[in-house]
Amino acid sequence: MYGDVCRDLGVEFKRVGQYVCFNEAWAKPIISAYVWKRKHIDKIEDSEIISGKELHRREPNFNGRFRFAISNPSTGCVCPYGLTIAYAENAVMNGAKVMLNTAVTSMQVENGRIISVSTNRGTVFPHIVINAAGVFSEEIAKMANDRFFSIHPRRGTNSILDKKAGRYMHSVASIKELAASSGHTKGGGILHTVHDNLLIGPDAVETSEKENVATNPESIEKVFTRQKNTMPVLSERDIITYFTGVRAPTFEEDFIIEKGRKCENIIHCAGIQSPGLTTAPAVALDIEKMTVEMLGGAEKNPGFNPIRKPIPPLRNMSDEERAAMIEKNPDYGEIICRCEEISKGEILDALNSPICVPTVDGVKKRVRPGMGRCQGGFCSPLVTKIIAEYLDEPLNKVRKSYDGSVITYGSAKKGEKADE
Amino acid sequence: MNNYDVIVIGGGPAGLAAAIQAKKDGAEVMLIERENRLGGILKQCIHDGFGLVRFEEKLSGPEYAERFIDEFNSLGIKALTLTFVTKIAKTADGFEIHIVNRKGTAVYNCNALVLATGCRERTAKQVFIHGTRPSGVFTAGTAQHFTNLLGELPAKKCVILGSGDIGLIMARRLTLEGCKVLGVYEAKPTPSGLTRNIHQCLNDYDIPLYLSHTVTRVFGDERLEAVEISQVDEKMRPIAGTQKTVECDALILSVGLIPENELAETLGVEMDSGTKGPVCDEKLMTTVDGIFSCGNALHVNDLVDYVSESGETAGAAAAAYKKAKRRTVRLERGNGIMSLVPQMLDLNGTTEAVTVYFRSSAVVNNCSLKITVDGKDVFRKKYAFLRPPEMERLVIDFSAFGLTPDSKILFETEVTEK
Ligand SMILES: Cc1cc2nc3c(=O)[nH]c(=O)nc-3n(C[C@H](O)[C@H](O)[C@H](O)COP(=O)(O)OP(=O)(O)OC[C@H]3O[C@@H](n4cnc5c(N)ncnc54)[C@H](O)[C@@H]3O)c2cc1C
Ligand SMILES: Cc1cc2nc3c(=O)[nH]c(=O)nc-3n(C[C@H](O)[C@H](O)[C@H](O)COP(=O)(O)OP(=O)(O)OC[C@H]3O[C@@H](n4cnc5c(N)ncnc54)[C@H](O)[C@@H]3O)c2cc1C
């Protein structure tokens, strides 16, 4: 399913393959039975057991002491925000409206029906509300007088390593420890991303704060200590950035994908924790079905176009292809971000995309200037300037992301401006 | 024409000097620069103090660069600006340089290549600062770009982490622009910047310097609101219980520079863990024949005068470069030496007057630099003091030491009296 979705939406998807590594030889018969089930009953046909030796041959930088591993060659990875943006843009291309910086604050509910939804930017009168508010899905359910679950936020911290470290391994890998079962998630792993960095993590830490995305040194330390068991060449020195996200599990650790119990025009899509991204396309089909039922039938949109053309990633092109692009638009020949090799043309394409987000982070998530090893040290002033020119506003009106994330405070008083 | 004797990548002071020297020595030269103007990082260094060694004058960065740009232009050297090198390939008789610019893509060939790509700054995450992701966290160079090139103030009340020269210069610059600089915090027990900058940039403006302190955390969901400062022990680890919160709207980092050598690495050039730049011989040729390195790409310099000097060395050698077998011997770093350039000598070349640059790994007084060959003392020079921030330069005649490729040449510092 993912292959098709990503092809249509123009999102990079790589089947890099996955290894679940084991230290205990005695577990091999049990795990073999499990893999047999995956292969023959779940129909994941390429799943197999490989020896420690074979694992070491395929990933020479792994710890040579693993006894065996489960190999899942069809496991793939995508860029999570890239996919999310692509879905949203495709929706907008087909007539959906996206309201950003808009928070739902309350709902007017009468006789088990939502009449209106209030936001910081006005009121809307929907036929149906789909509650996909992540960690806040509980609050949305409460506004609809339909709260029958609770969300127990769980933090996870990931580190991104320099592309140089990307050469160490080319798959997704984790260790399965049979003795101390860590419970919740896979306990983190190592992943070669679609952009050829390594991603290390995440860990899993319960929190009481739903928006607590501040990082701390303990998480990084814990994850690295663990992952160095898989791959001893890993080094904190290769880290270029790290960040924390908050998962949204319910108490029962189950996804909630169902119509409201006491409210007749809400559909809940809650408790979506890992692997929520992986399952999203399948979950969406269920939601679609429920929505159509709730509306009492709906006609298919004959003009629906599932194809979204991505912004061309020039760095992956041959010299000839690049030259052809530059001939059409010289801005594609002006490199702004030297680490990721991003041109001015790609940055302008991001600003002109179906959902324009004219902030430094918005541009960064769409075309990657600032995602590299200098983390925007060289290019952030240039990107800020391009956004300011695009908006036809002074530099101090450009934001990093949220409204308050001012970058500069206006003209330097005694600015002996160097001549341009 | 797409064939040159020498192609120089990078149009900062190192690249300019290399191109000028190679041209003067009769080579056909082209320089490639990513930005739209020559001058490199000097374009944004509008304070003075450049060129004291070379011109015995105090110039600003742009003024210093201008002298070289004028000479570069008067020699009629070709420069491709706003041009980015995407790939370099080795060929049978030299190198193939792939570029991209607003005109399209192109390939140029050269016999010798000079890499003068400068350096980049270490970032907040590379010094393990934790917390949220607000705006207002800048490296000093980025803050300098906003202030000096774009004329925009990036801070009103800031904390500076790291006492590197760019941080000190920015402390003064921002103060002059009306920003309140609350203090400069340095994790090491001694400052990283030049003594003259501590006086002229901090003391003269009453900006406090806190040694053995670091920033451990940032606060703020949108713009930076505060930072957490901790004292650190000798191993630079935060001491629990010493945290305090300082309110500010910007954190400016001057925590080190890293030579940019991604292009060199794709060509298989060996790197040195001390300098983080390529291993070079006395002509500044790397371990790959025909590739030369200079300026901050070679090792981080504190004085631009030495940057230009290394450019000239590399430029002259690149112009004279012919395929020839090298007979090399390594120069090894021993006790007390943090970095050393060159890292090897070509015994088939001329070793009578080799310019050597080194940095001490600690602050030491009344000491000497000692060179031994196979355990025997061959050279000694006394210093009243050595400090890691200040790079030392000296010229050594290695020809008198009877060197062979098997010699063990060791550089060490020795404290002569307590
Ligand atoms: C560290 C970490 C690692 C993960 N790794 C994986 C993985 O490898 N594979 C995988 O498949 N999944 C993974 N996941 C899980 C996956 O990211 C989530 O399951 C998925 O993002 C959930 O999507 P969602 O749309 O349900 O919620 P979210 O992505 O949380 O989206 C909810 C949206 O609702 C908005 N919202 C909330 N309240 C309101 C309101 N009142 N008004 C308006 N808008 C509101 C929020 O701003 C947000 O944009 C990981 C998660 C974390 C935290
Ligand atoms: C932010 C910052 C501020 C500094 N401030 C001071 C100061 O105040 N005082 C002081 O004495 N020293 C300062 N320095 C040190 C200063 O960099 C050196 O003294 C000197 O300028 C280094 O010269 P260079 O030619 O080696 O490098 P640079 O001046 O950095 O020039 C390198 C050039 O190479 C170009 N380049 C890189 N990669 C490519 C590529 N792939 N294709 C094409 N072109 C490329 C770059 O655009 C750049 O113009 C500062 C350094 C930095 C990073």
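For the structure, see preceding data.
Residues numbered from 1 in each chain as written. Chains lettered and ligands numbered in written order. Predicted model: local features only at pLDDT ≥ 70, side-chain atom pairs only at ≥ 80, totals over all residues. Heavy atoms only, no water.

1. Things to note about the site of ligand 2
All names here are of chain B.
Thought 1: Around ligand 2 sit 33 residues in total, of which Ala 14, Glu 33, Ile 41, His 47 and Asn 296 are the nearest.
Thought 2: Contacts to ligand 2 include Pro 13, whose backbone N or O atom sits 3.2 Å from an oxygen atom.
Thought 3: A distance of 2.6 Å is found between an oxygen atom of ligand 2 and a side-chain nitrogen or oxygen belonging to Glu 33.
Thought 4: Alone, ligand 2 offers 970 Å² of accessible surface; in the complex the protein occludes 94% of this.
Thought 5: Taken together, the elements giving at least two residues each to the shell around ligand 2 come down to helix H1 (13–24), helix H4 (140–149) and helix H8 (304–320).
Thought 6: Each of domain 1 (1–121 + 256–323) and domain 2 (123–255) contributes no fewer than three residues to the shell around ligand 2. (Near = heavy atom within 4 Å. Polar contact = N/O pair within 3.5 Å; in protein donor to acceptor, adjacent residues only side chain to side chain. Areas by Shrake-Rupley, 256 points an atom, 1.4 Å probe, with all protein chains shown as cover. Helix = DSSP H or I, 4+ residues; strand = E, 2+ residues; numbered from the N terminus. Domains from an automatic or database assignment.)

2. Comments concerning the packing of helix H9 (residues 344–351) of chain A against helix H11 (residues 380–391) of chain A
All names here are of chain A.
Thought 1: It is at 11 Å that the axes of H9 and H11 come closest, and there the two elements cross at 50°. Classified by the interaxial angle, the pair formed by H9 and H11 is oblique. When the axes of H9 and H11 are compared, the crossing they make is right-handed. Listed contacts from H11 to Lys 344, Ile 347, Leu 348 and Leu 351 of H9 are Val 383, Ile 386, Ile 387 and Tyr 390.
Thought 2: Residues of the contact of H9 with H11, tallied by class, amount to seven nonpolar, no polar and one charged. (Axes fitted to C-alpha atoms, helices over the stretch in contact; angles between N-to-C directions. Parallel < 35°, antiparallel > 145°, perpendicular 65-115°, else oblique. Left-handed = near helix turned anticlockwise from the far one by under 90°. Contact = heavy atoms within 4.5 Å. Nonpolar A, V, L, I, M, F, W, Y, C, P; charged D, E, K, R; others polar.)

3. Description of the side chain of His299(B)
Thought 1: Summarising the element assignment, His299(B) is placed in the loop between strand E20 (291–293) and H8.
Thought 2: Contacts of His299(B), omitting those with residues within four sequence positions, involve Pro259(B), Thr275(B), Val341(B), Tyr357(B) and Met391(B).

4. So, the environment of Ile32(B)
Residues and elements named next belong to chain B.
Thought 1: Take Ile 32: it is sitting in strand E2 (residues 29–32).
Thought 2: For Ile 32, a relative accessible area of 2% translates into the label buried.
Thought 3: A sequence separation of 163 residues divides Ile 32 from Thr 195, and the C-alpha atoms of the two residues are 35 Å apart.
Thought 4: Ignoring anything within four residues of it in the chain, the contact list for Ile 32 reads Ile 7, Val 8, Ile 9, Gly 10, Gly 11, Leu 80, Thr 83, Val 85, Ile 97 and Ile 99. (Buried < 20%, exposed > 50% of the residue type's maximum accessible area, 1.4 Å probe, protein only.)

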